[in-house]
Amino acid sequence: MDDRERVERNRTAWDLRAGAHVSSEFYDVDGFRGGRSSLRKFEVEALGDVRGKRLLHLMCHFGLDTLSWARLGAEVTGVDFSGEAVAAARRLADEVGLPARFVQADVYDVADVLEPASYDVVVATYGVLVWLPDLNEFARVVARMLRPGGVLFLAEFHPMLSMVDGELRVRTSYFRTGAVDRQVASSYTGQEMKEHVQTTWPWTVSGLVNALSGAGLRIERLDELPVDLRQRSPEMVQDADGFWHLPGDPLPLLVTCLASR
Ligand SMILES: C[S@@+](CC[C@H](N)C(=O)[O-])C[C@H]1O[C@@H](n2cnc3c(N)ncnc32)[C@H](O)[C@@H]1O
């Protein structure tokens, strides 16, 4: 099976998740309906005032973060390759009465379906890079979509996390490459689903930096943080902001990056 076929299989897997995720406790859509923002302090602090800015949210899932940016006054476009996710995002936008455009497209095709060089901000966050077989091409897409002076904000689960098990034993090389096919029967929201295969592609922090700078973007900041968005092992403890820590903060758990064109 080649990467294109694997990406297509992933799309089916995401179609399966999108509908279920809308009603999950994990995403707390009711809270969002009631006014809660799904954004974390990292992206909000990095991007500052987004009022009136043209913001492109890549791999936007069912649009919760996209619509949270809209609530802050950005002019938002969300892109996802899952038809179910895009349909759910449009329904949610209608329901809460926020202006937003949602487009179904593979992230690699974005420059063919939206106007290149026209976005002030591109955002891609929390669970996106592992779905991409080619990080360099992703960086080139971002660079094409940003207007000169526009910025990219990326936040990701640190790739360290995928090389250790729940007991922090190293189970695979940080430097492994190539597609990883995995049989799964549940989602990160804790919901069960029928068994299917998902493919991820490992990445490294240096690979990300080189992809972005190779695409002509300037790295303004790169941060590694000892916090996670969810509890992955029993010893993790939650801080006052709701982020999860390993005792003693021994490992980077998130990586964030601000880059400009
Ligand atoms: C983990 S979710 C993003 C999570 C998002 N931060 C959130 O919590 O709502 C990953 C999203 O990427 C989308 N996706 C995966 N591969 C893609 C691709 N090649 N092109 C476009 N979207 C893709 C999936 O459909 C899914 O909605």
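Worth saying up front: this structure is predicted, and the values here are computed from it rather than measured.

Caption draft 1: Structural view of the packing of helix H7 (residues 135–145) against helix H8 (residues 205–214). Two elements in contact, H7 and H8, have axes separated by 8 Å at closest approach and are oriented at 40°. Between H7 and H8, the interaxial angle falls into the category oblique. Seen along the crossing, H7 lies across H8 with a hand that is right-handed. Residues Leu135, Asn136 and Ala139 of H7 lie in contact with H8, whose contacting residues are Gly207, Leu208, Ala211 and Leu212.

Caption draft 2: The environment of Leu251, seen in detail. Locating Leu251 in the fold gives a position in the loop between strand S11 (244–245) and strand S12 (254–260). Note: C-alpha distance between Leu251 and Glu156 (95 residues apart in sequence) is 14 Å. With near-sequence residues (within four places) excluded, Leu251 lies in contact with Met160, Leu168, Leu225, Pro226 and Leu246.

Caption draft 3: Region of the structure containing the site of the ligand. In the neighbourhood of the ligand, 15 residues make up the surrounding shell, with Tyr27, His61, Asp80, Val107 and Thr125 lying closest. With respect to the ligand, the backbone of Val107 contributes an N or O atom lying 2.9 Å from a nitrogen atom. Residue Thr125 places a main-chain N or O atom 2.8 Å away from a nitrogen atom belonging to the ligand. Protein chains shield 97% of the accessible area of the ligand, which is 610 Å² for the free molecule.

Caption draft 4: Broad picture of H8. For H8, every residue scored as buried is listed here: Val205, Leu208, Ala211 and Leu212. One side of H8 holds all its buried residues, which, seen down the axis, span an arc of 125°. Against H7, strand S5 (146–157), strand S8 (218–225) and S12 lie the buried residues of H8. One or two residues past the end of H8 sits Gly216, with phi positive at roughly 90°.

Caption draft 5: Focus on the layout of surface pockets. Of the volumes computed, that of the second largest pocket is approximately 220 Å³. Of the residues that constitute the lining of the second largest pocket, the class distribution is 8 nonpolar, 5 polar and 2 charged.

Caption draft 6: Local environment of the UniProt feature "domain: Methyltransferase type" (unreviewed entry) in the protein chain. As annotated in UniProt, the feature "domain: Methyltransferase type" (unreviewed entry) corresponds to residues 58–152 in the numbering used here. Helix makes up 39% of residues 58–152 and strand 26%. Its end C-alpha atoms lie 10 Å apart.

Caption draft 7: Broad picture of the nonpolar core. By size, the foremost hydrophobic cluster in this structure holds 40 residues, and its most contacted members are Leu56, Leu58, Val122, Leu129, Met145 and Leu152. Elements supplying a minimum of two residues to this core: helix H1 (3–22), strand S1 (54–58), helix H6 (110–113), strand S4 (119–125), H7, S5, H8 and S12. With 7 residues, the single largest contributor to this core is H7. Other than its neighbours up to four places away in sequence, Leu58 contacts Val79, Val107, Val110, Val122, Val123, Ala124, Val128, Phe138 and Val142.

Caption draft 8: Spotlight on the environment of Asp28. Within the fold, Asp28 resides in the loop between H1 and helix H2 (29–33). Separated by 36 residues in sequence, Asp28 and Leu64 place their C-alpha atoms 9.7 Å apart.

Caption draft 9: Just the packing of aromatic side chains, in detail. Summed over all chains, the structure comprises 9 aromatic pairs. Judged by centre distance (5.4 Å) and plane angle (70°), the rings of Phe26 and Tyr188 are edge-to-face. Taken together, the positions of Phe26 in the loop between H1 and H2 and Tyr188 in the loop between strand S6 (180–186) and strand S7 (192–200) put the pair 162 residues apart, joining distant regions of the chain. Take Phe26: its relative accessible area is 35%, and that puts it in the partly exposed class.

Caption draft 10: Examining the packing of helix H4 (residues 64–71) against helix H5 (residues 83–96) more closely. For the pair H4 and H5, interaxial distance at closest approach is 10 Å and the crossing angle is 35°. Of the two elements, H4 crosses H5, and the hand of that crossing is right-handed. Where H4 approaches H5, its residues Leu64, Leu67 and Arg71 are matched on the opposing element by Ala89, Leu92, Ala93 and Val96. Its residues placed into classes, the contact of H4 with H5 shows 6 nonpolar, no polar and 1 charged.

The rules behind the values
Residues numbered from 1 in each chain as written. Predicted model: local features only at pLDDT ≥ 70, side-chain atom pairs only at ≥ 80, totals over all residues. Heavy atoms only, no water. Axes fitted to C-alpha atoms, helices over the stretch in contact; angles between N-to-C directions. Helix = DSSP H or I, 4+ residues; strand = E, 2+ residues; numbered from the N terminus. Parallel < 35°, antiparallel > 145°, perpendicular 65-115°, else oblique. Left-handed = near helix turned anticlockwise from the far one by under 90°. Contact = heavy atoms within 4.5 Å. Near = heavy atom within 4 Å. Polar contact = N/O pair within 3.5 Å; in protein donor to acceptor, adjacent residues only side chain to side chain. Areas by Shrake-Rupley, 256 points an atom, 1.4 Å probe, with all protein chains shown as cover. Buried < 20%, exposed > 50% of the residue type's maximum accessible area, 1.4 Å probe, protein only. Arc of directions from axis to C-beta. 1 Å grid on protein atoms, 1.4 Å probe; cavity = no way out; pocket = protein on both sides within 12 Å on 5 of 7 lines; lining within 4 Å. Points joined across faces, edges and corners; volume = space filled by probe spheres on them. Nonpolar A, V, L, I, M, F, W, Y, C, P; charged D, E, K, R; others polar. UniProt positions renumbered as here; feature names shortened; annotations may be inferred. Core = buried A, V, L, I, M, F, W, Y, C linked by side-chain atoms within 4.5 Å. Phe/Tyr/Trp six-rings, centres within 6.5 Å; stacked < 30°, edge-to-face > 60°.

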